[in-house]
Amino acid sequence: MKQSENPQQNLKHRVKNQKISKSNQENKANYRAKIETFQQCKQYATQKHTAEKITE
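Residues numbered from 1 in each chain as written. Predicted model: local features only at pLDDT ≥ 70, side-chain atom pairs only at ≥ 80, totals over all residues. Heavy atoms only, no water.

(A) Highlighting the overall build of the protein chain. Helices and strands together make up the secondary structure of the protein chain, namely one helix and zero strands. Computed over the C-alpha atoms, the radius of gyration of the protein chain is 24 Å, more than 25% above the 10 Å expected from 2.2 N^0.38 for a compact globule of 56 residues. Expressed along its principal axes, the backbone C-alpha trace of the protein chain runs to roughly 75 × 15 × 5 Å. A total of 56 residues make up the protein chain; the buried ones form 2% of that total. (Helix = DSSP H or I, 4+ residues; strand = E, 2+ residues; numbered from the N terminus. Rg over C-alpha atoms; globule rule 2.2 N^0.38 Å. Buried < 20%, exposed > 50% of the residue type's maximum accessible area, 1.4 Å probe, protein only.)

Take a look at the structure:
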């Protein structure tokens, strides 16, 4: 049976794929947020280290 011959199955797969796509987008957003937080921490640590070197 071809895919086009079973619209119910097609709908089921489309819904499943949409859920996976949404989950992937959320995971990407969370990953980007973690990277951003890490970059900010790294920048803060670098600035703090530099400031401590200057005051020594």
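(B) Quick peek at the environment of lysine 12. Summarising the element assignment, lysine 12 is placed in helix H1 (residues 7–55). Among the residues examined, lysine 12 registers a relative accessible area of 55% and is labelled exposed. In the structure, lysine 12 is positioned 21 residues away from alanine 33 in sequence and 32 Å away in space, judged by C-alpha atoms.

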